[in-house]
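Per-entry structural report
Next come the chains, spelled out residue by residue.
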Amino acid sequence: MEISENFRHVLKTYLEPVRLYHALGVVCVIYVGMLLTRLMQRRKTLKAAFEQFPGPPGHWLLGNTNEFQQDGTDLEKIITFGENYPYAFPLWFGELIIDSVYNIFSGEGLLVSAGQRWFRHRRLLTPGFHYDILKPYVKIMSDSAKIMLDKWETYAKTQESFELFQHVSLMTLDSIMKCAFSCESNCQTESGTNKYIKAVYDLCDLVNLRFRVFLYHIDFIFHLSPHGYMYRRACRIAHKHTEEVIRKRKEVLTKEKEQNLSQKKRNLDFLDILLCARDEQQQGLSDEDIRAEVDTFMFEGHDTTASGLAWILYALACNPEHQQKCRVEIQQALEGKDSIEWEDLSKIPYTTMCIKESLRLYPPVPGMARKLTKPMTFFDGRTVPEGKAFSIKHFCYLIVN
Ligand code: HEM
């Protein structure tokens, strides 16, 4: 009796709203304190580890996170750092999250997987890049490009200027959906209304935002934030769409098998390869693995190509004499046809060189990241310790993180 009286008293005293808020406040302060201590300790260790590598000074807490604001100056900043601190320099972004960010959205697809898992998946997916699979894609891509050019015709008539990246990006998304998944999205014509397309773009923006906002590097804070909520919602929409695409294709494949129909009647696409892939033990990919690869290809396959194409168009616009040479070469190769075919690709060497030169000058993927599994020593004797994230910039600069 006395115990329950005491218990009631304790509850009454401590669960009064004001006291509850106090308690919550204290917990939050302790949590933030622990977090800051951990970050500071980690930073101190890293500073000692990278003593031999001078680099751009950063904020005592935020490090170099605020240096990159996606305001069009990020690349110049990297180049300047590279000039000031040759070969390699450290940058501090707090807890590195890029891997986990991509993992949440795209699962452990080829791009972020490693070791045996990567090896097995890479082998199973290699047939997806065979010429025979790629050939029919040329017509599909050409048709997608036509839709985009028709839209541009309207601007050409009114001489109105416009930002072409969005158009190119929708065109490449349209192409990858048609080529890899035989999926008609109509995203070029009904842009903005397609839930899945919107989710993909939201995810791209939110991944970038999370990278730039220091507090969002902490899972707990990001997931409680409105952006975290938007991120989870977009993930759900994207995953639901992917699962639906996979489910429908499985049905088609089962039907084809039941009716003994040859799959050769229709063009095999990347999704067929994923669903039919078997290793030496006749083991296929799990549903989760397939979804991860589909999401990876959807994401990787459209943004990189859109960026590359936009830069190629920019480079040609800046160099009208080369643009004219390409135009003449393509017109000759087409011999009056209105769309390009696989065989024509070998007839346009000058255009191919211009494309490659643009990719060299403006690489759509300007860097690659790795985690060191063992210390790496440079030719000048300096060593980057094991376990550190390491990014190679294609402009010949190395960055240790
Ligand atoms: C101009 C276009 C493209 C460029 C510049 C590009 C660039 C790259 C680079 C640099 C990597 C290596 C990343 C790393 O190892 O950290 C990579 C990997 C990858 N890319 Fe692309 N890519 C392009 C187009 C595509 C397309 C169209 C797809 C899919 C349809 C794609 C799917 C992938 C995949 C799955 C990986 C991981 C491969 C692996 O680890 O085995 N990429 N890409």
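Just so you know, these numbers come straight off a predicted model, no measurement behind them.

Moving on, we come to the overall build of the protein. Secondary structure summary: the protein contains 15 helices and six strands in total. Within the protein, the fraction of its 401 residues that count as buried is 37%. Here the contacts in the protein between residues at least 6 apart in sequence split such that 64% fall between residues at least 24 apart. Approximately 24600 Å² of the protein is accessible, and the part contributed by carbon and sulfur atoms is 60%.

Quick look at the site of the ligand now. Around the ligand sit 14 residues, and of these Trp-118, Arg-122, Phe-297, Thr-304 and Arg-370 come closest. In this structure, Leu-110 approaches the ligand through a main-chain N or O atom, which is 3.4 Å from an oxygen atom. Within the contact set of the ligand, an oxygen atom lies 2.9 Å away from a side-chain nitrogen or oxygen of Trp-118. Among the elements that make up the shell around the ligand, the one with the highest residue count is helix H13 (residues 287-318) (five residues). Of the residues in the shell around the ligand, the class split is eight nonpolar, three polar and three charged.

Our focus in this paragraph is the environment of Ile-197. Among the secondary structure elements, Ile-197 is positioned in helix H9 (residues 195-212). Judged by its relative accessible area of 3%, Ile-197 is buried. Each C-alpha atom of the pair Ile-197 and Cys-187 lies 7.0 Å from the other, and the pair is 10 residues apart in sequence. Excluding anything up to four places from it in sequence, Ile-197 contacts Leu-170, Leu-173, Met-177 and Cys-187.

The interhelical angle for the contact between H13 and helix H14 (residues 320-334), taken along N-to-C directions, is 110°, at an axis separation of 5 Å. By the criterion of interaxial angle, the relationship of H13 to H14 is roughly perpendicular. On H14, the residues touching Leu-316, Ala-317 and Cys-318 of H13 are Pro-320, His-322, Gln-323 and Cys-326. Its residues assigned to classes, the contact of H13 with H14 shows five nonpolar, two polar and no charged.

Taken as a whole and assessed by the stated rule, the structure comprises 20 salt bridges. We note a salt bridge from Asp-289 to Arg-117, for which the minimum N-O separation is 3.0 Å. You can see Asp-289 sitting in helix H13 and its partner Arg-117 sitting in helix H5 (residues 115-125), a full 172 residues away along the chain. Overall, the relative accessible area of 27% leaves Arg-117 in the partly exposed class. Connected via shared salt-bridge partners are Lys-337, Glu-341, Asp-344 and Lys-347.

Before going further, it helps to spend a moment on the nonpolar core. Counting residues in each nonpolar core, the largest one holds 43 residues, and the members touching the most others are Phe-181 and Leu-271. When contributions to this core are tallied by element, the ones reaching two or more residues are H5, helix H8 (165-181), H9, helix H11 (226-258), helix H12 (270-276) and H13. Per-element tally for this core: the top contributor is H9, with nine residues. The residues contacting Leu-271, other than those within four sequence positions of it, are Ala-180, Phe-181, Val-245, Ile-246, Arg-249, Ile-290 and Val-294.

Our next topic: a nonpolar patch on the surface. On the surface, Tyr-31, Val-32, Leu-36, Phe-220 and Leu-224 cluster together to form a nonpolar patch covering roughly 470 Å² of accessible area. Listed by contribution, the elements that provide at least two residues to the nonpolar patch are helix H2 (17-49) and helix H10 (219-224). It is H2 that contributes the most residues to the nonpolar patch, three residues altogether. Residue placement: Tyr-31 occurs in helix H2.

All right, on to the confidence of the model for the protein then. Put simply, the protein has an average pLDDT of 84, and 89% of its residues get 70 or more. For the stretch residues 396-401, pLDDT sits under 50, and the model shows 33 contacts to residues farther than four places along the chain or on other chains.

Taken as a whole, this structure holds zero disulfides when the rule is applied. Of all cysteine sulfurs, the one in Cys-183 lies closest to Cys-187, which takes part in no disulfide; the gap is 9.5 Å.

Let's shift gears to the environment of Ser-113. When you line up the elements, Ser-113 lands in the loop between helix H4 (98-106) and H5. A relative accessible area of 9% means that Ser-113 is categorised as buried. Setting aside its immediate chain neighbours within four residues, Ser-113 contacts Glu-108 and Trp-118.

It is worth spelling out helix H3 (residues 74-84) at this point. Turning to H3, its buried residues number three or more, namely Asp-74, Ile-78, Phe-81 and Gly-82. Buried residues of H3 fall within an arc of 100° about the axis and therefore sit on the same side.

Moving on to H8. Given 3.6 residues per helical turn, the α-helix brings residues three or four places apart onto the same face. The first and last C-alpha atoms of H8 sit 23 Å apart over 17 residues, in line with the 24 Å expected at 1.5 Å per residue. Along H8, 15 of the 17 residues are buried, which leaves the element largely enclosed by surrounding structure. Two residues or fewer past H8, Ser-182 is found with a positive phi of approximately 45°.

Looking now at the packing of aromatic side chains. Evaluated as defined, the whole model comprises 18 aromatic pairs. Ring plane angle 70° and centroid distance 5.8 Å describe the contact between Phe-81 and Phe-89, whose orientation is recorded as edge-to-face. In this structure Phe-81 comes out as buried when scored by relative accessible area, which is 11%. Using a relative accessible area of 0% as the deciding quantity, one classes Phe-89 as buried. With centroids separated by 4.3 Å and ring planes inclined at 10°, the aromatic side chains of Trp-311 and Tyr-362 adopt a geometry described as stacked.

Calculation criteria
- Residues numbered from 1 in each chain as written.
- Predicted model: local features only at pLDDT ≥ 70, side-chain atom pairs only at ≥ 80, totals over all residues.
- Heavy atoms only, no water.
- Helix = DSSP H or I, 4+ residues; strand = E, 2+ residues; numbered from the N terminus.
- Buried < 20%, exposed > 50% of the residue type's maximum accessible area, 1.4 Å probe, protein only.
- Contact = heavy atoms within 4.5 Å.
- Areas by Shrake-Rupley, 256 points an atom, 1.4 Å probe, with all protein chains shown as cover.
- Near = heavy atom within 4 Å.
- Polar contact = N/O pair within 3.5 Å; in protein donor to acceptor, adjacent residues only side chain to side chain.
- Nonpolar A, V, L, I, M, F, W, Y, C, P; charged D, E, K, R; others polar.
- Axes fitted to C-alpha atoms, helices over the stretch in contact; angles between N-to-C directions.
- Parallel < 35°, antiparallel > 145°, perpendicular 65-115°, else oblique.
- Salt bridge = Lys/Arg side-chain N within 4 Å of Asp/Glu carboxyl O.
- Core = buried A, V, L, I, M, F, W, Y, C linked by side-chain atoms within 4.5 Å.
- Patch = residues over 30% accessible without salt bridge, like charges linked within 9 Å, V, L, I, M, F, W, Y side chains within 5 Å.
- pLDDT = per-residue confidence, 0-100.
- Disulfide = S-S within 2.5 Å.
- Arc of directions from axis to C-beta.
- Expected span 1.5 Å × (residues − 1).
- Phe/Tyr/Trp six-rings, centres within 6.5 Å; stacked < 30°, edge-to-face > 60°.

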